[in-house]
Each structure stands twice: as C-alpha cells, then as structure tokens.
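# Fold and contact review
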Amino acid sequence: MFSSRLFWKIYSVTTAITLISAGIVIWILAFRQSEIILNMIDERLQNSATLLTEQMEIAFRQPPTPELQEQLRTLQEETGTRITLIDNSGRVLGDSAEDYQTMDLHNNRQEVREAMHDGTGFAQRYSNTLNRNLRYFSKRVGSEENPLGVVRVSLPVERVDTQVTSYQQVIWLTATICSLLSLIFTYIMVGRLLKPLQEITEAAEAMASGKLRQEVDINSRDELGLLGETFNTMSRTSASRFEELQQKSRELAENSDRLAAVLGSMIEGVIAIDSDHRIIFVNRAAQKLLSLPVSDVTGRIYLELIRIPQVHELVNTVLTGYCQTSLEFKLNPSQATVAAFGTPLPGENAPGVLIVLHDISDLRQLENMRTEFFSNVSHELKTPLAAIQAYSETLLEGALEDPDHNRKFVHNILQHSERLHDLILDMMQISRIESGTDLFEIHEVHLEHAINVCMAALAPQAESKRIELTYECQTDNPLVLADAEGLRTIFENLIDNAIKYTPEGGQVTVRSYLQTSDEIEEVVIEVTDTGLGIPREYQSRVFERFYRVDKARSRELGGTGLGLSIVKHLSQVFGAGLELESELHRGSTFRVTFPLVFTDQKA
Ligand code: ADP
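Think of each chain on its own: its residues are numbered from 1, step by step along the sequence as written. For a predicted model such as this one, the threshold for reporting local features is a pLDDT of at least 70, and the threshold for listing and counting side-chain atom pairs is 80 or more; totals across whole chains, interfaces and linings nevertheless cover every residue. Hydrogens and waters are ignored; side-chain quantities use all the structure's heavy atoms.

### What about the sheet that holds strand β1 (residues 82-87)?
Overall, antiparallel pairing links the five strands, which are arranged β2-β1-β5-β4-β3 in an open sheet. The open sheet is flanked by β2 (92-95) and β3 (120-127), the only strands paired with a single partner. Across the sheet, the mean angle from the axis of one strand to that of its neighbour is 20°, orientation sign disregarded. Any two strands with at least two DSSP bridges between them are considered paired. Helix numbers and strand numbers start at the N terminus; a helix is a DSSP run of H or I with at least 4 residues, a strand a run of E with at least 2. In this sheet, β2 lies alongside β1 in antiparallel orientation, the contact comprising three bridges. Within the sheet, the bridge partner assigned to I86 lies in β2 and is V92. Contacts are residue-level and defined by heavy atoms, with any inter-residue pair within 4.5 Å sufficient. Axis lines are fitted to C-alpha atoms, over the contacting stretch for helices. Their N-to-C directions set the angle, which ranges from 0 to 180 degrees. Its contacts with the sheet put helix α1 (residues 5-56) on β1, β3, β4 (132-142) and β5 (147-156), and the angle it makes with β4 is roughly 40°.

### Remarks on helix α3 (residues 110-118)
Listing the buried residues of α3 in full gives E111, V112 and A115. Taken end-on, α3 shows its buried residues confined to a sector of 100°, consistent with a single buried face. Among the exposed residues of α3, those oriented more than 90 degrees off its buried face are H117 and D118. Those residues of α3 that are buried are in contact with β1, β3, β4 and β5. Phi turns positive, to about 105°, at G119, one or two residues after α3. When a residue's accessible area, from a 1.4 Å probe over protein chains only, is under 20% of the maximum for its type it is buried; when over 50% it is exposed; and in between it is partly exposed. Directions pointing from the helix axis toward each C-beta atom define the arc.

### Remarks on the domain arrangement of the chain
Here the chain is described as being made up of domain 1 (7-164), domain 2 (212-264), domain 3 (266-359), domain 4 (364-422) and domain 5 (440-599). Of note, the centres of domain 1 and domain 2, computed from C-alpha atoms alone, are 84 Å apart. These domain boundaries are the output of an automatic or database domain assignment.

### Notes on the environment of E67
Looking at the secondary structure, you find E67 in helix α2 (residues 66-79). On the basis of relative accessibility, which here comes to 56%, the residue E67 falls in the exposed class. Residues E67 and A175 lie 108 residues apart in sequence; the distance between their C-alpha atoms is 52 Å.

Given below as structure tokens:
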C-alpha cells in the first residue's frame, strides 16, 4: 500500500485539508473565545461599577479620607479590580491601587468623558500610572443633570490574554489530537478503499500479460463491489471471447494451411496480386513456370519480377474492368505456351486479381501433332494409292497386252497394295493401343522364347543382306509381365529396323541380361546394330508417328514410319523402359527394360 501513488495522493490531500480545517477552526475558536472572555470581563466590570456607584455615592459628597482609601484597597482585594473615584471636575478622589493625591486630572480620559456624558464608558489602554494595559469601565454617579463624578473599575488586559492563551492551548491540543485521530482514520479508510482497487489493478495487469481468466474477491456492497463484479464479468467474457478468437484463428490457420497446400500442389501456377500491384501469394508451379525467386516474393511489386507485357495487360484489365479475362503468351526463352486466366479477388472495388497460369505447351504440341498426323496419314495413303491407280490405268490403256511390262505392273500394284495393307494394319494397331481398345492379355511371358521367335522370323531377311544376326543371352529364361503378341511386336520392330538400317555385311546383336536398379531386379534387352545410326537431334523424335530420319530411304525399305511409335506405346503398356543410344554411321542400340518377375533359376 505504501508503494501506491494514489494512496499517498489521497492521504496527503486529506492530511492537508484536515490540518488547514483544524487551523481555521482553532483560529475562529480562539478569536471567539477572546471575545467571550472580554465580554465576561466587561460584564464583571459593569456589575462591580453598578454596585460601587450606590455604595460610593456618599464619598462624592464629602472630601476624601484615608478610610475611603483603605476601603477601596479592601474592595480591590475582594473583587480583583482596581477602583478609582473621580469627581465631575476630573479630580481623583480615591484609587485602590495608587495614591490619589499624586494622580493627575482624569476628565480627559475616554471612559470618564463617555460616562459623564452617556452614563457609562469603556476603554482599553496603557496605564501610565500602573505601567500596564488595562480595560476600564466607568459609571456615572448622580443624575445626568447633576453628575457627582464617575466610579471607574479596571482590570489588566494581560489576564484576558493569559486566559485566551490557556484556552487556545486547550483548543490546539484538542485539535491536534482530533487531527491525529482523523489522519489515522483517513489512513485506515484510504487503505481499505484502495485495497480492492489494488486487487483490480493487479488482476488487470495479469490480464494484460496474457492470463485472461482473473477473478477479484471484493465483498463490499458499494461502488467498489460493483466495480469488482463488473471486472469479473468482463474478465470472464473477454476470456471466453479470446478462446473463441483463438479457436477461430486456429481454424483460419488450418484453412489457410490447407489452401496453401492445395494451391502449392496444383499443377497450374497461381498468383494473387493486390490493388497496389503487390504480390500476395504465389505458388510453386507459378514460381517454376515464370522462373521467380523462391523466397522474398510476397509483398513485392509484381512488375519487378514478372516482366511479361501480357500479364501486365491482364492485371490492368481485371483491376479496371473488374471482369474475368484470359489470354495466351509464349515464355522466353523456354518457348512454353502459357494460358493465363485473370479473376478479380472477392471484395469491393477490385481488391486484387487472381491469375491462374496453365502450361499448355503439351496441348498445343498435341494439336500440332494431330494436324501433322492427319496430313501424314493422307500423304502416306495417297502415295501407294496413286501408284496403284497409275499402274491400273496404264494396264487398262493397253499395257495389259504388253507381255514385257504387264507382269511387272501387276507386281508393282501388289507391292503398293501390300504397303497400303501394312500401313493400315500399323495404323489400326497404334490406334487400338492409344485408345485402349486393344485388350492385352498381360501375364507372365518367357522373354527368351519371344526373342527367339522373332529372330527365327527375321533370319532370312538378315541372311539376304548377309547381316550377322546373333543373340547373346545372359539370362536364365526370365519371365516378364506382358502380352505375348505385343512383346513379339516390340522385338520384331526393333530387329527389323536394325536389319533395315544396317548396310550389307553388318551385324545385329540382341543381348539380354539382368540388372538391379533401386533394389528392383530388371531384365534388359538390347538390340544393337552397326548401321547408319541416328543423328543426336532426331533421336527424341524417331518415336513419333510417321517420323523418319530419311523419308525416301524408309519408304524404299518398306517402312511405314509407325514401327518405333508402336514399340513406345507397347513398352508403356507393359511398364517397360525404352532408351536409345546411337552414333551416326556407327550404329544404334535400342534398350528395353522390363521389371523381372522371376527366372527359372530363381523359380
Ligand atoms: P520405319 O517404318 O520408317 O522404319 P520406324 O518408326 O520404325 O519407321 O522408325 C522411324 C525412323 O527411325 C526410321 O525411318 C529411321 O529413320 C529411324 N530408325 C529406326 N530404327 C533405326 C535403326 N536401327 N538405325 C537407324 N535408323 C533407325
């Protein structure tokens, strides 16, 4: 409590008021008391003078005697007042304190003059005779018309002062005791008053430091009690409100985490920009797509980081027009095609814009591929058809009868129709694989058997070109999950290509071996030739439909341009990997990797 400033403030103010009030009261009482004492003295002087007037009337009618002086002295001893008899000429006839004969004329004394004139007179002054301050009262003796003189009684004023002083001492003592008691009482009262306030202050401080649920125990039935009750209610309400807020903020944080996770895992790039053109949010996909820095992006002006005019246009259109907008642009230097959709953020006066970015490069490429595919198909079909038509017309126009050419022309027609047939078969197969309508019977297939079947089928072709076709088998009859027919198609195409694109006298080697990658056992089949090889820039494209490195040579060799595309699709269906290593004029290696089911040895 002693450390409480409020306590000392109240206490010092109360103490000052108490002491000032006590001083004023003492001063008023002392003043009033001296007045009362003077009144009492005056009354006493008056009474004495009245008594003496009757008693002493005779003394004014005869000359002064020593007996009179003695009588006056006796009366002074009895009454305590000095008595002076003065005749109407001002001569002193007798005095109880001094020798009357030595005293001068008293007719000019104020109290004497007043008494002679009005009957009574008062005065207070310093007496030269007695050398002290005296209070006088005079009363006329005789009638107004025929005054004999005045009887004057007096008392020394010091006695009044002494009485007043002693009375003041009592008052001072009483006032001091009262003040002390009052200060002790004030001290206790202020203390009692401040205790609940102190309790509430401490509880409020605890609340401010985070301990919200605070209760104070104030039992008084006054404003302080009411304050305590209100404080408790406020504490309970704010604690439960705070808990609600915490719960809500937890939910908000969870929601925002979820939203961030959803947005973060989106393939589409998402950027939120506020009306001041500052980035509010950007997800990983957008960072990657636009090559933005990973950190310190939020809060920055987007133009510092994204210098794409179309994005700027999109932001401005959405912010000013408050409508959804979309546009497409190409990124530099990646040349990726991006579709951007801008939507205003919810809220009044366009608080921002949400941009969703789609990398549609694959879509555009697919579209191009489709267009290319149709033009390729029509071209591939047109060439043999045109040839068949031309040979047929030539035959009909007379060549049929020409024994030197007719067989050759019919043979050509057959050759082109076979090519057309191969083409249509390949197209149907690729279309079935792509559309998923070609239902494969995927089961465990003996890989070596499939390779051997293909080798046997293509051996005559190799022989005709004097190509050494060998199979280096480093496996022990492994089983893979595939469709037997499909598996054969893969190897037929790869070995057929190897023979086709290897000049006479070359070598085509098929090799199978086991390897372990990431603790998974795999069986690898390599088809290596010593042929033309494929230039590096075309290596990724040879698996596209109708793509040929050398179109004329491929056609001449009876190729459709679909073989490797079928191999790629079938490998994907069987979960196999497909790789190509090739060096121009040195040869190529096509590598197919199947997950191993088991080998005979294992089984
Ligand atoms: P094609 O029916 O023309 O052989 P493919 O899809 O099988 O069609 O092959 C596509 C192209 O890849 C071929 O035209 C050829 O240029 C090239 N190619 C495929 N295999 C080989 C190989 N072993 N050596 C060199 N070039 C090859």
